Amino acid sequence: MKNKWLLFKKSINDLNDPKLKDSEIKKKWSTIEKDYKNFKPNHLIGFLKVLSKNKITTKSCVLDHGCGNGLTLFFLALNGYQNIWGIDINSSKSFDARMRSCNKVFKVILKSKKNRIQVYNGKKIPFKSEFFNFIFSQQVIEHVKDNLLNNYLSEERRTLSKDGVVLHQIPHRLGPYEGHTNRWIIHWFPKNIHHYLLKNEEQKLLVVKKALFLKWPWQLKFHFKKYFNQVDNVSFLRLKYNVSSREYSKKERVIRKFLIFTFNLPVLGKIFTTSLSIFFQLEILAKK
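Residues numbered from 1 in each chain as written. Predicted model: local features only at pLDDT ≥ 70, side-chain atom pairs only at ≥ 80, totals over all residues. Heavy atoms only, no water.

Engineer: Honestly, unusual backbone geometry in this entry has me stumped. Any pointers?
Structural biologist: Most of the time, phi is negative for any residue but glycine, and the peptide bond is trans. Within the chain, Gln-139 stands out as a residue other than glycine whose phi angle is a positive 50°. Tracing the backbone through its elements, the reader meets Gln-139 in the loop between strand E4 (132-138) and helix H6 (146-159). The backbone phi angle of Val-267 is positive, close to 65°, even though this residue is not glycine. Checked against the element boundaries, Val-267 lands in the loop between helix H10 (250-263) and helix H11 (268-276). (Helix = DSSP H or I, 4+ residues; strand = E, 2+ residues; numbered from the N terminus.)

Okay, structure coming up:
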């Protein structure tokens, strides 16, 4: 079985070919809708459960805060969401080209004249107060500098509706494996030791110094509680469900299946889930 998420990504990349005519975009999108009907990626299990539990419907106004290549927005469009938006601080030529192609496609498949993705200054979200019912961010906050984090969250609060929901998926320092450097444990050490252990890997060291600002999970919850009245760790939502695709390596699937079995044990499963979920990617659900 092939990694269906990677296949979906490739299909969306093909859809974003700037040479395509509107009629060709419609045809390709129709094929994607058929091929990925009822598709539920493993890494979005918690995401999908938050949508259903909090009554985020296809009519809700949704923001991807730090949308990158817009892939999750296309997944939402695949599931019937129309009022979707994305912003990012990336001002590179490659991102500008991707943004323009995404906006062209969204205008066709959503039958809208508005650009759905835009670059912003990283400080003020370019939408009016209480505009969104749902704001989400996937693996973005670990790249937000400390002096900008409070502003990042306060702007989410400003633009979130009174009954809205915020969901963040955040790698953190307590996770034993660090995906940006592909190293285990070393990010647990003080910064100077962490840097020393990467001294022979210049590119990884540059990422750690300039673009990676991992925090402990309790630090992250503290920041969220400054701006939101209800802040919950909902990482457990995705931990009890089986791994059915090739989104993980063979070794990762074996480990995941063992953990899933453990998390589903009667009585003990709840204890294991509560105690071990803190070592997985943090998923914070926040409300005003």
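Engineer: What should I look at first to understand the environment of Phe-136 in this one?
Structural biologist: Tracing the sequence through the fold places Phe-136 in strand E4. Overall, the relative accessible area of 1% leaves Phe-136 in the buried class. A sequence separation of 72 residues divides Phe-136 from Asp-64, and the C-alpha atoms of the two residues are 5.2 Å apart. (Buried < 20%, exposed > 50% of the residue type's maximum accessible area, 1.4 Å probe, protein only.)

Engineer: Explanation requested: helix H4 (residues 71-78) in the structure shown.
Structural biologist: Working note: α-helix, 3.6 residues per turn, so residues spaced by three or four point in the same direction. With eight of its eight residues buried, H4 lies for the most part within the structure. Those residues of H4 that fall on the buried side of the exposure criterion are Leu-71, Thr-72, Leu-73, Phe-74, Phe-75, Leu-76, Ala-77 and Leu-78. Downstream of H4 by a residue or two, Gly-80 has a phi angle that is positive, lying close to 95°.

Engineer: Before we go on, may I ask you to explain the pattern of salt bridges in this structure?
Structural biologist: A side chain with one charge may pair with a side chain of the opposite charge, provided their charged atoms come close. One pass over the structure, following the stated rule, counts six salt bridges. Between Arg-158 and Glu-155 there is a salt bridge; the shortest N-O distance is 2.8 Å. Of the two residues, Arg-158 and Glu-155 are both situated in helix H6; the distance of three residues between them amounts to about one turn of the helix. Among the salt bridges present, the one from Arg-183 reaches Glu-201, with a minimum N-O distance of 2.5 Å. Highlighted residues: Arg-183 in strand E7 (residues 183-184) and Glu-201 in the loop between helix H7 (191-197) and helix H8 (202-210), separated in sequence by 18 residues. Arg-183 gets classed as partly exposed once you look at its relative accessible area, which sits at 24%. If you follow the salt bridges from partner to partner, you end up with Arg-183, Glu-201 and Lys-204 in one network. (Salt bridge = Lys/Arg side-chain N within 4 Å of Asp/Glu carboxyl O.)

Engineer: Please clarify how the packing of aromatic side chains should be interpreted in this entry.
Structural biologist: For any pair of aromatic rings, geometry is given as the distance between the ring centres together with the angle between the planes. The tally for this structure, following the rule as stated, stands at 21 aromatic pairs. A ring pair is formed by Phe-8 and Tyr-36, whose centres lie 5.3 Å apart and whose planes are at 70°; its orientation type is edge-to-face. Taken together, the residues Phe-8 in helix H1 (residues 4-15) and Tyr-36 in the loop between helix H2 (22-35) and helix H3 (45-53) connect sequence positions 28 residues apart. Its relative accessible area of 0% is what places Phe-8 among the buried residues. Residue Tyr-36 is classed as buried on the basis of its relative accessible area of 7%. Ring centres 5.0 Å apart and planes at 55° place the aromatic pair Tyr-177 and Trp-184 in the tilted group. An aromatic cluster of at least three residues, connected via ring pairs, comprises Trp-5, Phe-8, Tyr-36, Phe-39 and Phe-75. Geometry around Trp-85 places Arg-116 over its ring, the cationic atom sitting 4.6 Å from the centre. When the ring centre of Tyr-196 is taken as reference, the NZ or CZ atom of Lys-199 above it lies at 5.2 Å. (Phe/Tyr/Trp six-rings, centres within 6.5 Å; stacked < 30°, edge-to-face > 60°. Lys NZ or Arg CZ within 6 Å of the ring centre and 35° of its normal.)

Engineer: Teacher, can you tell me more about the environment of Phe-47 here?
Structural biologist: Within the element layout of this structure, Phe-47 appears in helix H3. On the basis of relative accessibility, which here comes to 0%, the residue Phe-47 falls in the buried class. Expressed as a C-alpha distance, the spacing of Phe-47 and Glu-283, which sit 236 residues apart in the sequence, is 8.8 Å. Among residues more than four places away in sequence, those in contact with Phe-47 are Thr-72, Leu-76, Phe-134, Phe-136, Leu-167, Gln-169 and Glu-283. (Contact = heavy atoms within 4.5 Å.)

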